[in-house]
Amino acid sequence: MIDKRATLIETAIRLFHERGFWDTPTALIAREAGVANGTLFNYFPSKAALVEAVYLSLKQSWATHLQAAAPASGSVHDRLAGYWHGAIDWARAHLDRYALLGQLKLSDEIGDGARAHGIDMFGATLELIGEAMARGELHPIEPALLKALAEAQIGAAIEFLVNHPDAMAADTAHTSFEIFWRGIAVAPTGD
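Residues numbered from 1 in each chain as written. Predicted model: local features only at pLDDT ≥ 70, side-chain atom pairs only at ≥ 80, totals over all residues. Heavy atoms only, no water.

Draft legend 1. Main features of the overall build of the protein. Each helix and strand in the protein was counted, giving 10 helices and zero strands. When its helices and strands are written in sequence order, the protein yields α-α-α-α-α-α-α-α-α-α. A total of 191 residues make up the protein; the buried ones form 40% of that total. By element, 57% of the accessible surface of the protein is carried by carbon and sulfur atoms, the whole surface being about 10,400 Å². Across the protein, the centroid of the 15 positively charged side chains sits 7 Å from that of the 23 negatively charged ones. (Helix = DSSP H or I, 4+ residues; strand = E, 2+ residues; numbered from the N terminus. Buried < 20%, exposed > 50% of the residue type's maximum accessible area, 1.4 Å probe, protein only. Areas by Shrake-Rupley, 256 points an atom, 1.4 Å probe, with all protein chains shown as cover. Lys, Arg positive; Asp, Glu negative; His and termini not counted. Charge placed at Lys NZ, Arg CZ, Asp CG, Glu CD.)

Draft legend 2. Here's a closer look at the packing of helix α4 (residues 47–69) against helix α6 (residues 95–105). Remark: α4 packs on α6, axes separated minimally by 10 Å, with the N-to-C direction vectors making an angle of 125°. On the basis of their axis angle, the class for α4 and α6 is oblique. Judged by the twist between their axes, the crossing of α4 over α6 is left-handed. Along the contact surface, α4 presents Val51, Val54, Tyr55, Leu58, Lys59 and Trp62, while α6 presents Arg97, Tyr98, Leu100, Leu101, Leu104 and Lys105. (Axes fitted to C-alpha atoms, helices over the stretch in contact; angles between N-to-C directions. Parallel < 35°, antiparallel > 145°, perpendicular 65-115°, else oblique. Left-handed = near helix turned anticlockwise from the far one by under 90°. Contact = heavy atoms within 4.5 Å.)

Draft legend 3. Spotlight on the nonpolar core. Of all hydrophobic cores here, the largest spans 59 residues; its most connected members are Phe16, Val54, Leu80, Leu104 and Leu138. Counting residues per element, the ones that place at least two in this core are α1 (4–19), α2 (26–33), α4, α5 (76–93), α6, α8 (123–134), α9 (143–163) and α10 (169–184). When near neighbours in sequence (up to four residues on either side) are disregarded, leucine 138 contacts Val76, Leu80, Ile129, Ala132, Met133, Trp181, Ile184, Ala185 and Val186. (Core = buried A, V, L, I, M, F, W, Y, C linked by side-chain atoms within 4.5 Å.)

Draft legend 4. Seen up close, the side chain of arginine 79. Looking at the secondary structure, you find arginine 79 in helix α5. No salt bridge is formed by the buried arginine 79, whose closest oppositely charged neighbour, glutamate 131, lies at an N-O distance of 5.6 Å. (Salt bridge = Lys/Arg side-chain N within 4 Å of Asp/Glu carboxyl O.)

Draft legend 5. Molecular detail of the packing of α1 against α4. The N-to-C vectors of α1 and α4 enclose an angle of 90°; their axes lie 10 Å apart at closest approach. Relative to α4, the element α1 is oriented roughly perpendicular. Across the interface between the two elements, Arg5, Leu8, Ile9, Ala12, Ile13 and Phe16 of α1 pack against Lys47, Leu50, Val51, Ala53, Val54, Ser57 and Leu58 of α4.

Draft legend 6. Structural detail: the packing of aromatic side chains. Scanning the model with the defined rule gives eight aromatic pairs in all. For the ring pair tryptophan 62 and tryptophan 90, a centre distance of 5.4 Å and an interplane angle of 20° mean the geometry is stacked. Of this pair, tryptophan 62 sits in helix α4 while tryptophan 90 is found in helix α5, placing the two residues 28 residues apart along the sequence. We note that tryptophan 62, like tryptophan 90, is buried. Look at tryptophan 62 and phenylalanine 122: their rings are 6.4 Å apart centre to centre, the planes differ by 90°, and that puts the pair in the edge-to-face class. (Phe/Tyr/Trp six-rings, centres within 6.5 Å; stacked < 30°, edge-to-face > 60°.)

Draft legend 7. View of the environment of isoleucine 88. Within the secondary structure layout, isoleucine 88 lies in helix α5. Spatially, the C-alpha atoms of isoleucine 88 and alanine 173 are 6.9 Å apart, while their sequence positions differ by 85 residues. For isoleucine 88, the contacting residues outside a window of four places in its chain are Ile154, Ala157, Ile158, Leu161, Ala173 and Ser176.

Put into C-alpha cells, the structure is as follows:
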C-alpha cells in the first residue's frame, strides 16, 4: 500500500524546489501525487501544515544521516567530526533538498513548534555538546550561537564544494571542521 502522506510530502518537496513553495498550489501537488485535492487536505489541514511537514521531513532526513555518520563513542572531537562530515555528505547528495531546507528555515511559514521539533531531532548532537561544555572541553557558548556558527561554516563548505567540483569532499569537510573545532575547543593546559 502506498503511503499517501509520504507521497504528498515527496511531491511537495520536488515541486517546492522547482517552483518555490509560495508559487506551488496545493491542487498541483495533489494532481502530481495522483490524489484528489480534497485528499491532500485529509492529511494536511492547510498548505502551511504541508509546508511544515516538508520542513520536518527534510530535517529528519538530514538528522538521521548525520547521526548515522558519527561514531557512537569516542572523543568529542571525533564524534562531532562525524556529525559534520555526515551533514556535508547529506547536503551534497541532496542539493535540491538542502537548498529547499535553507529556504524553509528563513520562511515565516514554519512555526515555533515545528522549529523546536526540528532542533529536537538533533538531540544526540546537542547532548554531546552540552556534556562537553560541562566537562570544560568546549567553550561555554550559547547553544543558539553555536548552532548558527556550525550551520554557517557547514554551508560555506557545501557552497565551496558545489562551486569547486574538483575539490576533495573529505578534505574540505575535514579542513572546515578543524577550523570550527579550534574555535570551540578549550585548549588543554600543560602541567
